[in-house]
Amino acid sequence: MARRRQLYEGKAKVLFEGPEPGTLVQYFKDDATAGNGAKSGIITGKGVLNNRISEYLMLKLHEINIPTHFIRRLNMREQLIREVEIIPLEVVVRNVAAGSLAKRLGIPEGTRLPRTIIEYYYKNDALNDPMVSEEHIAAFNWAAPQDMDDMNQLALRTNDFLMGMFTAVGITLVDFKLEFGRIWEGEEMRILLADEISPDNCRLWDSKTNEKMDKDRFRRDMGRVEEAYQEVAKRLGILPEAGNGDLKGPEAVQ
């Protein structure tokens, strides 16, 4: 395998130096965590499926002029992406009450919200990614007001598009997490959608049965996690060419 310099390893992905300036190689792992690492395990083939699902959705978003860091998929587990300055916020878009929102507000899980809600969380594992307001974001200069306007607009457009896409294949988009990054083109700065869009960071339920088809199956020890991810890929029509066979990552050099 190719030898590349490893730049960062997160819970679900590894970033390597890219072949050209301004690019990175993003490698998808099978590792799964919940509760900011309190629970960990392996979901066989998850990295392969998430690579394909995220590629498919990012390309579809590109078709409606939503800018993303995605350039192209390299193989079963890797994609070439633009190097961006990640904004230290997780932007969560909610359509149906579930997870922490249902617990915080005492709303029965599965209740459709009266309107789409956007929440912000400060990206800091040591603090368990605390929820923050736009006042916090402005006060600590994590993002400028114009950045927030751009992120909110992109988040809502992404939500509208993905809701329609998933509804068409019998899946309810309950909620999902987005990350954004800054990129400079000469003197101009742009906000891009970054990270991934997959069953790892989306809540996806079967539209008829409300059966969970995402990482909640791992979080809640529901079993059949691999099958749920495969079903999402199957409905989208993008099961990987070689099934869920493993592919080793590039050997890292320091």
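Residues numbered from 1 in each chain as written. Predicted model: local features only at pLDDT ≥ 70, side-chain atom pairs only at ≥ 80, totals over all residues. Heavy atoms only, no water.

An unreviewed UniProt entry lists the protein chain under the name Phosphoribosylaminoimidazole-succinocarboxamide synthase, with Gluconobacter kanchanaburiensis NBRC 103587 given as the organism. The record in UniProt for the protein chain states the following under Sequence similarities (unreviewed entry): "Belongs to the SAICAR synthetase family." Heading Catalytic activity (unreviewed entry) of the UniProt record for the protein chain holds this comment: "5-amino-1-(5-phospho-D-ribosyl)imidazole-4-carboxylate + L-aspartate + ATP = (2S)-2-[5-amino-1-(5-phospho-beta-D-ribosyl)imidazole-4-carboxamido]succinate + ADP + phosphate + 2 H(+)". (UniProt positions renumbered as here; feature names shortened; annotations may be inferred.)

Draft legend 1. Representation of the overall build of the protein chain within the structure. From N to C terminus, the protein chain includes six helices and 15 strands. Computed over the C-alpha atoms, the radius of gyration of the protein chain is 18 Å, within 12% of the 18 Å expected from 2.2 N^0.38 for a compact globule of 254 residues. Along the three orthogonal principal directions, the C-alpha set of the protein chain runs to about 50 × 45 × 35 Å. Relative to its full complement of 254 residues, the protein chain shows a buried share of 49%. Of the contacts made within the protein chain by residues no fewer than 6 positions apart, 61% connect residues no fewer than 24 positions apart. With an accessible surface of roughly 12,300 Å², the protein chain has 50% of that area assigned to carbon and sulfur atoms. Counting 35 positive and 40 negative side-chain charges, the protein chain places the averaged centre of each group 5 Å from the other. (Helix = DSSP H or I, 4+ residues; strand = E, 2+ residues; numbered from the N terminus. Rg over C-alpha atoms; globule rule 2.2 N^0.38 Å. Buried < 20%, exposed > 50% of the residue type's maximum accessible area, 1.4 Å probe, protein only. Contact = heavy atoms within 4.5 Å. Areas by Shrake-Rupley, 256 points an atom, 1.4 Å probe, with all protein chains shown as cover. Lys, Arg positive; Asp, Glu negative; His and termini not counted. Charge placed at Lys NZ, Arg CZ, Asp CG, Glu CD.)

Draft legend 2. Looking closely at the packing of aromatic side chains. In this structure the tally under the stated criterion is two aromatic pairs. Relative to Trp142, the ring of Tyr122 lies with its centre 4.2 Å away and its plane at 10°, an arrangement referred to as stacked. Taken together, the positions of Tyr122 in strand 10 (residues 112-122) and Trp142 in the loop between helix 3 (134-139) and helix 4 (145-168) put the pair 20 residues apart, joining distant regions of the chain. Residue Trp142 is classed as buried on the basis of its relative accessible area, which comes to 16%. (Phe/Tyr/Trp six-rings, centres within 6.5 Å; stacked < 30°, edge-to-face > 60°.)

Draft legend 3. Molecular detail of the nonpolar core. One finds Leu89, Phe166, Phe180 and Ile197 to be the most contacted residues of the largest nonpolar core, which totals 45 residues. Among the elements of the structure, strand 4 (31-34), helix 1 (46-63), strand 9 (89-96), helix 4, strand 12 (171-185), strand 13 (188-194), strand 14 (202-206) and helix 6 (225-236) are those that each provide at least two residues to this core. When residues of this core are assigned to their parent elements, the largest contribution, seven residues, is made by helix 4. Two domains each put at least three residues into this core: domain 1 (6-82) and domain 2 (85-224). Setting aside anything within four residues of it in sequence, one finds Leu89 in contact with Tyr121, Tyr122, Lys123, Val132, Ile137, Trp142, Ala143, Met148, Met151, Leu178 and Glu179. Core analysis: the next-biggest nonpolar cluster, separate from the first, contains five residues, Val14, Phe16, Val25 and Leu80 among them. (Core = buried A, V, L, I, M, F, W, Y, C linked by side-chain atoms within 4.5 Å. Domains from an automatic or database assignment.)

Draft legend 4. Representation of the pairing of strand 13. When strand 12 meets strand 13, the two strands line up antiparallel, connected through seven bridges. Pairing of Arg182 across the sheet is with Ile191, part of strand 13. (Pairing = 2+ DSSP bridges.)

Draft legend 5. Region of interest: unusual backbone geometry. The backbone of Asn128 shows a phi angle near 60°, a positive value even though the residue is not glycine. For Asn128, a relative accessible area of 52% puts it in the exposed group. Positive phi, close to 50°, is recorded for Asp129, a residue that is not glycine. With respect to the helices and strands, the residue Asp129 is situated in the loop between strand 10 and strand 11 (131-132). Of the residues examined, Asp129 reaches a relative accessible area of 12% and is grouped as buried.

Draft legend 6. Examining the side chain of Glu90 more closely. For Glu90, the location among the structural elements is in strand 9. Every residue in contact with Glu90, bar those within four places of it in the chain, is listed here: Glu119, Tyr120, Tyr121, Lys123, Asp129, Lys177, Leu178 and Glu179.

Draft legend 7. Molecular detail of the domain arrangement of the protein chain. Its domain assignment divides the protein chain into domain 1 (6-82) and domain 2 (85-224). The gap between the C-alpha centroids of domain 1 and domain 2 is 17 Å. Taken together, the contact between domain 1 and domain 2 spans 29 residues of the former and 27 residues of the latter. Here domain 1 and domain 2 share an interface that buries about 2,300 Å² over both sides, 62% of which is from carbon and sulfur atoms. (Buried area = accessible area lost by both parts, 1.4 Å probe.)

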